[in-house]
There are 2 protein chains.
Amino acid sequence: MASSERNLQTCEVPDATVQRLPLYLEKLKLLQAIGVEDVSSRQLAESLDIKASQLRHDFHYFGGFSRPGRPYRVEKLVTALEQIIGVDRPVPTAIVGAGHLGQALANYPGLQLQGFPIRAIFDVNPKLLGLEIRGQPVRDLDDLEPVCRREGIKIGVITVPASSAQEVVNRLVAAGVTGLLNFAPTELKVPGHVSVRHERLTVGIMALSFKVKCGALARSAAGNEPGPLAGSA
Amino acid sequence: MASSERNLQTCEVPDATVQRLPLYLEKLKLLQAIGVEDVSSRQLAESLDIKASQLRHDFHYFGGFSRPGRPYRVEKLVTALEQIIGVDRPVPTAIVGAGHLGQALANYPGLQLQGFPIRAIFDVNPKLLGLEIRGQPVRDLDDLEPVCRREGIKIGVITVPASSAQEVVNRLVAAGVTGLLNFAPTELKVPGHVSVRHERLTVGIMALSFKVKCGALARSAAGNEPGPLAGSA
């Protein structure tokens with residue numbers, strides 16, 4: 001589906017579907033890498049441990065991608081999903097906050113590989129200025145606006161303490177950045193045209209704790225046999 | 001609801017609900033901290049930008065928590081959710097892989113605060129051994145099994161390269177760990193009684209990229225006015 005054919009309707013998509021799009025793309029790129037040319041909705045869904053009906057429902061928002069009963073062409077689907085997600089071209093990304101977490105993200109090769117090259121890193125700590133991370137020097141926060149405008153930064157990753165996050169957000173927004181990936185454990189105020197995603201580590205580990213507790217309950221109820229609630233991989 | 005009253009039924013809960021439980025707990029603890037004693041389902045749902053019906057549906061799995069039409073007692077709900085999630089007592093956690101990401105997680109105060117004290121950190125890199133992170137020394141991977149058993153580690157955080165992840169998983173499972181928080185970009189094989197949660201950074205940033213793209217489409221369709229698709233905070 002050419003970009004010009006997409007209408008606003010393809011943006012009226014439930015959040016749960018938006019979360020699954022990258023998983024589909026990741027799996028399809030794996031298949032592509034090992035030379036698979038076609039995949040059915042059932043095969044693709046099974047490989048991701050979801051229902052085929054869910055997958056087809058998700059794809060339906062974007063036109064379905066294939067005739068009913070016909071498999072998907074892996075290459076075409078990869079191209080379409082990259083376009084839909086917006087990684088058909090690099091998405092210039094900046095990291096604000098070069099502490100442990102910011103450096104971990106800057107060092108993570110997957111970001112560049114998936115289409116999010118780190119084009120700038122900022123911090124206020126004078127000891128970090130000039131430190132090179134994968135070829136990017138840590139810059140002073142005061143340079144944020146001109147550097148972000150020059151690099152055309154689209155996504156700002158916020159890895160500063162909660163107390164500094166809103167100020168950083170204000171600067172990124174003033175610099176024309178419209179997507180914020182927030183790791184600071186705080187809410188943020190943004191204008192209507194800016195999108196925010198909160199990455200909450202504690203949510204993940206708590207969800208896991210719930211599953212672990214359920215697993216233990218199942219085992220003790222069954223007399224210490226491995227529980228029926230299979231761990232997912 | 002006392003722990004002894006919980007039956008296995010409360011573990012037959014959709015993943016989407018499990019993901020929201022920590023968000024409810026986090027918000028309720030905030031309310032508790034500022035002295036709020038009662039909150040209605042509508043107020044709580046609005047504060048989290050979700051539908052009140054969704055919230056009530058989620059809580060229904062666990063017995064509902066209040067009489068219809070009556071608000072929730074914040075303190076009681078916090079206690080109940082902590083128990084359900086499994087953070088009514090500390091959940092001893094270990095980090096395997098003391099690189100940038102592992103150190104970032106070990107340094108993150110929120111983990112301990114939310115009930116996941118880091119009781120052990122492991123690595124294979126001789127330069128990292130003995131490095132103290134918030135009072136925890138980095139230990140040799142060979143000590144993993146005895147240390148994890150001694151500390152009663154329940155959750156293992158995996159922050160090693162993809163190529164090492166499965167071996168680390170095997171060791172953690174052999175050490176009696178039943179919950180794995182995986183940051184390595186690879187699938188893992190685990191026995192049925194072990195729960196795994198994959199933290200995929202690229203999923204988050206891609207979901208954000210989709211929203212950014214939709215925002216830009218909306219603005220260009222509306223003639224460069226801020227789009228109707230409000231950014232969420």
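Since the structure is predicted, the reported quantities are computational estimates derived from the model, not experimental observations.

1. Here we look at the state of the cysteines
Counted according to the given criterion, the structure contains two disulfides over all chains. For Cys11 of chain A, the disulfide goes to Cys214 of chain B, at an S-S distance of 2.1 Å. Across the S-S bond of Cys11 of chain A and Cys214 of chain B the torsion is about -90 degrees, and the bridge reads as left-handed. Highlighted residues: Cys11 of chain A in the segment before helix H1 (15-33) and Cys214 of chain B in helix H9 (residues 201-221), drawn from two different chains.

2. Considering the relation of the copies chain A and chain B
When chain A is fitted to chain B, the residual RMSD is 0.1 Å, and the transformation amounts to a turn of 180 degrees plus an axial shift of 0.0 Å. The superposition of one copy onto the other is thereby described by a two-fold rotation axis. Comparing interface residues between copies, 100% of those in chain A also sit at the interface in chain B, which points to an isologous, same-surface contact.

3. Comments concerning the pattern of salt bridges
Counted under the stated rule, the structure contains 22 salt bridges over all chains. Arg89 of chain A is the salt-bridge partner of Asp88 of chain A, the closest N and O atoms lying 3.9 Å from each other. With a closest N to O distance of 3.2 Å, Asp38 of chain B and Arg73 of chain B form a salt bridge. Of this pair, Asp38 of chain B sits in strand E1 (residues 38-39) while Arg73 of chain B is found in strand E2 (residues 72-73), placing the two residues 35 residues apart along the sequence. On the basis of relative accessible area, Asp38 of chain B is assigned to the partly exposed category, the value being 33%. Sharing partners across several salt bridges, the network here consists of Asp142, Glu167 and Arg171 of chain A.

4. Description of the side chain of Arg197 of chain B
Considering the arrangement of structural elements, one finds Arg197 of chain B in strand E9 (residues 195-198). Classification of Arg197 of chain B by relative accessible area gives buried; the value is 18%. Engagement of the side chain of Arg197 of chain B in a polar contact is seen with the side chain of Gln19 of chain B, the distance being 2.7 Å. Only 2.8 Å separates the side chain of Arg197 of chain B from the side chain of Glu199 of chain B, close enough to count as a polar contact. Non-local contacts of Arg197 of chain B, meaning those with residues more than four positions away in its chain, are made with Gly204, Ala207 and Leu208 of chain A together with Gln19, Leu180, Leu181 and Asn182 of chain B.

5. Considering the interface of chain A and chain B
In this assembly, 80 residues from chain A lie in contact with 80 residues from chain B. Between chain A and chain B, a total of about 6800 Å² is buried, with carbon and sulfur atoms accounting for 69% of that surface. The largest share of the area that chain A buries against chain B comes from Leu201, Met206 and Phe210 of chain A, three residues that together contribute 11% of it. Across the chain A-chain B interface, the total number found is six salt bridges. Across the pair Lys211 of chain B and Asp15 of chain A runs a salt bridge whose closest N-O atoms are separated by 3.8 Å. At the boundary of chain A and chain B, one finds 12 residue pairs in polar contact (both at pLDDT 80 or more). In terms of residue count, the dominant contributor to the side of chain A that touches chain B is helix H9 (residues 201-221) of chain A (18 residues). The residue inventory of the side of chain A that touches chain B, partitioned by class, reads 45 nonpolar, 22 polar and 13 charged.

Reading guide: rules and limits
Residues numbered from 1 in each chain as written. Chains lettered and ligands numbered in written order. Predicted model: local features only at pLDDT ≥ 70, side-chain atom pairs only at ≥ 80, totals over all residues. Heavy atoms only, no water. Disulfide = S-S within 2.5 Å. Helix = DSSP H or I, 4+ residues; strand = E, 2+ residues; numbered from the N terminus. Least-squares fit on C-alpha atoms with pLDDT ≥ 70 in both. Contact = heavy atoms within 4.5 Å. Salt bridge = Lys/Arg side-chain N within 4 Å of Asp/Glu carboxyl O. Buried < 20%, exposed > 50% of the residue type's maximum accessible area, 1.4 Å probe, protein only. Polar contact = N/O pair within 3.5 Å; in protein donor to acceptor, adjacent residues only side chain to side chain. Buried area = accessible area lost by both parts, 1.4 Å probe. Nonpolar A, V, L, I, M, F, W, Y, C, P; charged D, E, K, R; others polar.

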